[in-house]
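A look at the structure
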Amino acid sequence: MLDQLTLLAGGFQTAFSLYHVSLMVAGVLLGILVGVLPGLGAPNGVTLLLPLTFTMTPVAAIILLSSMYWGALFGGSTTSILFNIPGEPSSVATTFDGHPMARKGDAPRALAVAFLSAGFGALAGVLVVTLVANAIAGFALKFSPAEYFAVYLLTFCSYAGMSGGKPLKTIAALLVGLILAGVGTDTVSGEMRLTFGSDQLVGGVSFLAAVVGLFGIGELLVTVEEGLAFKGLQARMSWRAVWQAAREMPSYGWTLLRSTVIGCWMGITPGGPTAASFMSYGIAKRFSRRRENFGKGEPEGVVAPETADHSAGVSALLPMLALGVPGSATAAVMMGGLMIWGLQPGPMLFIEQTEFVWGLIASMYMANVVAIVLVLATIPMFAAILRAPFAIIGPLIVVVCLIGAYTIGGKMFDVYLALGFGVLGYVFKKLDYPIAPLILAMVLGDKTEDAFRQSMLLSDGSLGIFYSNGLVGSLVTVALALLAWSFVAPLLKRGRPAAA
């Protein structure tokens, strides 16, 4: 514990400079804008910023990107409450009670409760990361290729078993991502795979171009088809409203603690912020004394999803740093950034790049406090942006996306890839296929394949290596159980009404 406090103090020395604090402020403001505008979202916002970070030091770059992430989470809450339009998928549950509160004239209270709950969840998530990061990294140092493959398998199966969606569609999205990850040069044999004679694909499919298309252009195509018009409520924040909300928060103590635990768990496992917010809302409604008010403007219905959303968002960075397994789509994009900067996520990162890791953790404390202050001060400004015609905002977002795709490698081929992935993202949205598993598989595909092939070489082709010790056997068993549960659970749900 003392060692971690010493490392954290060193992290604060790294993060607490004028340059880094300026990056936090800029990142949070950009993140709020990204969160406020439907069609962008945190993963795409982080992707668009990545090319700008190539000339920065890794510490400065990750501080900017993570600050944008926190800002985007706060921005998504703003539109959920004022416009009934979730800027982030994880903010959907906030609309259930946040917007009814705003319609009743309680918009300042709803916003203040949301941001204070979000701040509590985020800081609790950072505390969890601080306390357990070194322990997880130290434990992961004992991993062999078999253990790493079991962890990756558990990650994929967790998406199928814990996402709450249709498992076959999740598995299909994972398979598409694994196929895309296999394009290019085989890391073991050096042969070309799935390039179809194209020199442009020798280096593989551009991960950043794929994310820009899937999250940016694909979302916008759906938005245009729906004919989205922004019609929101006015909100004038005052520090008096914030103070009153702060005095109200202790009455939701159990909800805050329970939602934080749910959020941290779903962040560390691949459940993600969206699943965490819905789960927390459902549990809060079930156990609340005021459950009949849920959906009509109950503050507890805002506290629960916001706390879980932000604690999950922060906690999702822990497995990415310590194990090289991202806990959310945005964490997957950040992991891609680490690789571009020449850093290898995993337990050795804590040994070889101590300043980087603890500088990031210290910046999480600071950036979340900065985010709470800035979002309370800038709500009217960002709400006014949403009143601009979508005919102006939409094309601007497309231009930014395509410029970002071109900047990645300076090739028009990446622009065409982004457009192609935009169409794929639109098709996925219309057919209700999840995009996050596809992104996860693109990031982890090479690592999973390498770990599996190394395991087979070590065991002379025997699958028994995946049950050679208690750790790897337990991980594989849990993974297969989660995969099986994803198919069994819907059958049980169908059987209950019949039995009744």
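Note that the coordinates shown come from a computational prediction; the quantities given were computed from them, not determined experimentally. (Residues numbered from 1 in each chain as written. Predicted model: local features only at pLDDT ≥ 70, side-chain atom pairs only at ≥ 80, totals over all residues. Heavy atoms only, no water.)

1. A short note on the packing of aromatic side chains
- All chains considered together, the criterion is met by 7 aromatic pairs.
- Centre to centre, the rings of Y69 and W70 are 5.1 Å apart; their planes meet at 25 degrees, and the pair counts as stacked.
- On the basis of relative accessibility, which here comes to 2%, the residue Y69 falls in the buried class.
- Note on W70: relative accessible area 1%, which makes it buried.
- Both rings, one in F149 and one in F452, keep their centres 5.2 Å apart while their planes meet at 50 degrees; by these two values the pair is tilted. (Phe/Tyr/Trp six-rings, centres within 6.5 Å; stacked < 30°, edge-to-face > 60°. Buried < 20%, exposed > 50% of the residue type's maximum accessible area, 1.4 Å probe, protein only.)

2. Here we look at the pattern of salt bridges
- The final tally for this structure, using the stated rule, is 5 salt bridges.
- Across the pair E248 and R109 runs a salt bridge, and its minimum N-O distance is 2.6 Å. Note that E248 is positioned in helix 9 (residues 239-248) and R109 in helix 5 (residues 92-140), a separation of 139 residues in sequence.
- Under the relative-accessibility criterion, E248 is labelled buried at 17%.
- Among the salt bridges present, the one from R290 reaches E300, with a minimum N-O distance of 3.0 Å. Taken together, the positions of R290 in the loop between helix 11 (272-287) and helix 12 (300-315) and E300 in helix 12 put the pair 10 residues apart, joining distant regions of the chain.
- The class of R290 is partly exposed, set by a relative accessible area of 31%.
- Within this structure, R193, E449 and R453 form a network of salt bridges that share partners. (Salt bridge = Lys/Arg side-chain N within 4 Å of Asp/Glu carboxyl O. Helix = DSSP H or I, 4+ residues; strand = E, 2+ residues; numbered from the N terminus.)

3. Some remarks on the side chain of S311
- Following the sequence through the fold, S311 ends up in helix 12.
- Within the structure, the side chain of S311 is placed 2.9 Å from the backbone oxygen of T307, a separation counted as a polar contact.
- Beyond its immediate stretch of four places on either side in the chain, S311 contacts G121, A122, G125, S259, T260, G263 and C264. (Polar contact = N/O pair within 3.5 Å; in protein donor to acceptor, adjacent residues only side chain to side chain. Contact = heavy atoms within 4.5 Å.)

4. A few points about the nonpolar core
- Judged by nonpolar contacts, the single largest core of 95 residues is most densely connected at F356 and I361.
- The leading source of residues in this core is helix 4 (residues 58-82), at 12 residues.
- Those residues in contact with I361, other than ones at most four positions away along the chain, are L8, V126, V129, T130 and A133.
- If you look at the next biggest cluster of nonpolar residues, it comprises 28 residues, including L82, A107, A110 and A114. (Core = buried A, V, L, I, M, F, W, Y, C linked by side-chain atoms within 4.5 Å.)

5. Description of unusual backbone geometry
- With phi around 65 degrees, D432 is a residue other than glycine that occupies positive phi space.
- Examined against the element boundaries, D432 turns out to sit in the loop between helix 18 (412-430) and helix 19 (436-458).
- Take D432: its relative accessible area is 55%, and that puts it in the exposed class.
- One non-glycine residue with positive phi stands out, namely D460, at about 55 degrees.
- Checked against the element boundaries, D460 lands in the loop between helix 19 and helix 20 (470-499).
- Residue classification places D460 among the exposed residues on the basis of a relative accessible area of 77%.

6. Brief notes about helix 4
- With 25 residues, helix 4 extends 36 Å between its outermost C-alpha atoms, agreeing within 8% with the 36 Å of an ideal straight helix rising 1.5 Å per residue.
- Buried residues dominate helix 4, accounting for 24 of its 25 residues. (Expected span 1.5 Å × (residues − 1).)

7. Observations concerning the packing of helix 2 (residues 18-36) against helix 4
- As a packed pair, helix 2 and helix 4 sit with axes 6 Å apart at the nearest point and diverge in direction by 35 degrees. For the pair helix 2 and helix 4, the sense of crossing is right-handed. Of the residues in helix 4, those touching helix 2 at Y19, H20, L23, M24, G27, V28, L30, G31, I32, V34, G35 and V36 are V59, A60, I63, L64, S67, M68, G71, A72, G75, G76 and T79.
- The class makeup of the residues in the contact of helix 2 with helix 4 is 14 nonpolar, 9 polar and no charged. (Axes fitted to C-alpha atoms, helices over the stretch in contact; angles between N-to-C directions. Left-handed = near helix turned anticlockwise from the far one by under 90°. Nonpolar A, V, L, I, M, F, W, Y, C, P; charged D, E, K, R; others polar.)

8. Examining the confidence of the model for the protein
- When pLDDT is averaged along the protein, the result is 77; 82% of the residues meet or exceed 70.
- Looking at the elements of the protein, mean pLDDT is at its lowest for helix 17 (residues 390-409), recorded as 70, and at its highest for helix 12, recorded as 86. (pLDDT = per-residue confidence, 0-100.)

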